[in-house]
Amino acid sequence: MTVETTAAVSAQQPFLHDALIALRAPTQVWSARTGDLGTAPIHGIYHGDVRHVRLLECAGEGSEIEWISAAEEGASDLLFVGLLRGLDGGQPDPRVRLERSRRVGPGALTETWMLRNGRDVDVTTELRLRLVPDFASMHDVKAGQPGGGDVDVRVEGETAVIVSGPQRSVLRAPEAEIAVDADGIHARWTVTAPARSARTVTFALALHDDEIVVAAPADSSAGGHDETIAEGRALEPRLGAWLRRALSDLDALRLVIPGQPADEFYAAGAPWFFTLFGRDSLWSARLALPRDVGIAASTLRVLARLQGSMDNVDTAQEPGKILHELRATALEIPGEGVVLPPLYYGSVDSTPLWICLLADAWRAGMPEQEVRDLLPALHRALEWMLVSGDSDGDGFLDYIDRSGRGLTNQGWKDSGDSIQWRDGRLAEGPIALCEVQGYAYEAAVAAADILEALDDHDDGHVPGDLREWAAALRDRFRRAYWVSTPEGRYPAVALDRDKRPVDTLTSNVGHLIGTGILDPAEEAHVAGLLLGATMSSGFGIRTLSTDAAGYWPLSYHGGSVWAHDTAIAAHGMLRAGLVEAAASVVGALLDAAEGFDYRVPELHAGDLKAQTGAPVPYPAACRPQAWSAAASVTALAVLRAEALRLRA
């Protein structure tokens, strides 16, 4: 039997800020605070990059269900409570209620509905479930476009099998009557709750996708108590609350590549980036490294297996290059002429960041043999960084979209308008971002340390030569990037195609701190600028100065605040010995975390704290986002160091 699946759409990116999510990668469920799905464009049950169900409703016979609470019990569990006052028997106090427990697992949704009766007589009602399948791609959902294909539904007793091409869902509703019509799939239970007792019904939805490119790890259960949380709580109660929420989210964001069950990585974020991203997965593992060396090592291995091996303009692949993202299908961004292939390498910073994480993990205790196993990938990454990463031979790593269909900007700020002059003009490529030169300097020096310690010089990269290359890059950077504007002197965000320094003050300069490309006085000076009025919102560091013509607090990369971006600055300040400045930055992040009930989103508005009192959401921001969650571990490291500083 066929079910009508077409939904009205807004043709705009859905807002996320007031929706609830329960997740266990690669599955996520977005709903209203009632638990129902279907009243907002983002609502749905997703598996991989496909929405299997767009509407799911709970109803009762003889009474409206008045939902009064929604509680998040970790990343994967929600509890909704509603009242059925039509069944109360005229008493002033509510005596009949419905408790709706939701659990999301990898490829699974389970709900238990408990009818709880506080009356002295039995209560009987009919509980009804309505479900509408969809099978729209995540790309269509994000674009606000209709999607999905033909859907076939087959009912077998208490089971409904729902199929659309390579995707299928199986609904099991014990003791229910299941029927299908043009309005969807219906399950009905006749339920009697005895006096002062309760009765439960359950249903489960199993989700399958034959084309999925990511999978849950073998151990996909939620993690238990973590001593990290207790330490954070002792240092600052809000940090403990943030860590509790963030570590639960990181646990739920773990993924593997099918066929590689031992090597986990963090999905970048929900809902749009529920897959492997080079830059995001690397920074997430790096920020969380003080707590977990293992996932840093496994992330390095996963990316090494997918390291570029050829030159391909369409995919932006080059030998030795670390990928940007992995998808099941091509990603088309409507209205922008962007079509990214399923395996896309358009990232200028993933490769040096891979080297930096390898060095950090090695120093943090990654087993030597595991490091040795990655030395061939290290040499390939170095070759890309030293040769191919500089497209025009000026001595700086840069990028330009050679295909005409890829990303215009290929650093972490990858929106089309992210690299702009103080007067608002957009920079033209090839573009050489300032922070990428810092990553490259750090990567070359760190690689030299690894190769020297492991006595590995066989593939042509000699430690002394790497250090000389880094020193020359440092000198070139000092001559080419520093600018003077009414805001002061600082490194430009980038060099444009004419080698002119693009003169905006941006958060990118915070990524330079701790890399070694700046001297200590320069690091302290840059830290001071980031803590100044034009860059610090009070809830974190703005991506763009308020003095820039293009500043807008709700611009994705032009005035908003990103938790991971702010945490990277704090991470660098800590490594540079600027502990007091780092603690100030973390204090702003804690204020933001508190404002978002400790699930820090991908980004939020750059409005001044003194004017808004609470952080203003960027309504389309992902949450949870892995690197925003991992920022909590960096915050712990900073406050730990600050406590030692104050005791000294």
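First, a word on what this report is: a plain description of the structure on this page. In this text the structure is predicted, and so the values were computed from the model without any measurement.

**Concerning the pairing of strand S8 (residues 108–117)**
Of the two faces of S8, only the one carrying Leu109, Glu111, Trp113, Leu115 and Asn117 is buried; Ala108, Thr110, Thr112, Met114 and Arg116 on the other face are not. Where strand S7 (residues 96–105) and S8 come together, 10 bridges link them in antiparallel fashion. Bridge pairing links Arg103 to Thr110 in S8. Count of turn residues in the S7/S8 antiparallel hairpin: two residues, of which Gly107 carries a positive phi of about 70 degrees. As defined by bridge partners, S8 adjoins strand S15 (residues 198–209) across nine bridges and the pair is classed as antiparallel. Its bridge partner lying in S15, Leu109 is registered against Leu205.

**Considering unusual backbone geometry**
Across the junction of Ala270 and Pro271, the peptide omega takes the value 0 degrees, indicating a cis bond. Structurally, the position occupied by Pro271 is in the loop between strand S17 (265–266) and helix H4 (278–287). Cis peptide bonds are those with omega within 30 degrees of zero, and the linkage from Arg623 to Pro624 qualifies with -5 degrees. Relative to the helices and strands, Pro624 is located in the loop between helix H14 (609–612) and helix H15 (626–647). A positive phi angle, close to 60 degrees, is found at Phe135, a residue other than glycine. As for its placement among the helices and strands, Phe135 is situated in strand S9 (residues 123–137). By relative accessible area, Phe135 is classed as buried at 6%. Even without glycine at this site, Tyr598 takes up a positive phi of about 70 degrees. Turning to its location among the elements, Tyr598 is positioned in the loop between helix H13 (579–595) and H14.

**What about the packing of helix H2 (residues 227–235) against H15?**
Between H2 and H15, the least distance of the axes is 10 Å, while the angle of their chain directions is 50 degrees. Overall, the two elements H2 and H15 adopt an arrangement that is oblique. By crossing handedness, the relation of H2 to H15 is classed as left-handed. Residues Thr228, Glu231, Gly232 and Leu235 of H2 form the contact with H15, whose participating residues are Leu636, Leu639, Arg640 and Ala643. When grouped by side-chain class, the residues that make up the contact of H2 with H15 number four nonpolar, two polar and two charged.

**Overview of the nonpolar core**
Within the largest apolar cluster, 159 residues are counted, with the highest numbers of intra-cluster contacts made by Trp242, Trp354, Leu378, Met385 and Met573. When residues of this core are assigned to their parent elements, the largest contribution, 12 residues, is made by helix H9 (residues 434–453). Setting aside residues up to four positions removed in sequence, Leu378 forms contacts with Trp354, Ile355, Leu358, Ala447, Ile450 and Leu451. Ranked by size, the runner-up nonpolar core spans 45 residues in total, among them Val50, Leu56, Phe203 and Leu207.

**A short note on the pattern of salt bridges**
Evaluated as defined, the whole model comprises 56 salt bridges. Between Glu66 and Arg85 there is a salt bridge, with its nearest N and O atoms 2.7 Å apart. Of this pair, Glu66 sits in strand S5 (residues 66–72) while Arg85 sits in the loop between strand S6 (77–83) and S7, placing them 19 residues apart in sequence. Measuring nitrogen to oxygen at the nearest pair gives 3.1 Å for the salt bridge that ties Asp394 to Lys499. Residue Asp394 is found in the loop between helix H8 (375–388) and strand S22 (432–433), and its partner Lys499 is found in the loop between strand S25 (494–495) and strand S26 (501–502); the two are separated by 105 residues along the sequence. Owing to a relative accessible area of 34%, Lys499 belongs among the partly exposed residues under this scheme.

**Re helix H6 (residues 350–363)**
At 3.6 residues per turn, the α-helix brings residues three or four places apart onto the same side. In this model, H6 (14 residues) spans 20 Å end to end at C-alpha, consistent with the 20 Å of a helix rising 1.5 Å per residue. With 12 of 14 residues buried, H6 lies mostly within the body of the structure. Those residues of H6 not exposed but buried are Ser350, Thr351, Pro352, Leu353, Trp354, Ile355, Cys356, Leu357, Leu358, Ala359, Asp360 and Ala361. Positive backbone phi, at 115 degrees, marks Gly365, one or two positions downstream of H6.

Definitions and cut-offs
- Residues numbered from 1 in each chain as written.
- Predicted model: local features only at pLDDT ≥ 70, side-chain atom pairs only at ≥ 80, totals over all residues.
- Heavy atoms only, no water.
- Buried < 20%, exposed > 50% of the residue type's maximum accessible area, 1.4 Å probe, protein only.
- Helix = DSSP H or I, 4+ residues; strand = E, 2+ residues; numbered from the N terminus.
- Pairing = 2+ DSSP bridges.
- Axes fitted to C-alpha atoms, helices over the stretch in contact; angles between N-to-C directions.
- Parallel < 35°, antiparallel > 145°, perpendicular 65-115°, else oblique.
- Left-handed = near helix turned anticlockwise from the far one by under 90°.
- Contact = heavy atoms within 4.5 Å.
- Nonpolar A, V, L, I, M, F, W, Y, C, P; charged D, E, K, R; others polar.
- Core = buried A, V, L, I, M, F, W, Y, C linked by side-chain atoms within 4.5 Å.
- Salt bridge = Lys/Arg side-chain N within 4 Å of Asp/Glu carboxyl O.
- Expected span 1.5 Å × (residues − 1).

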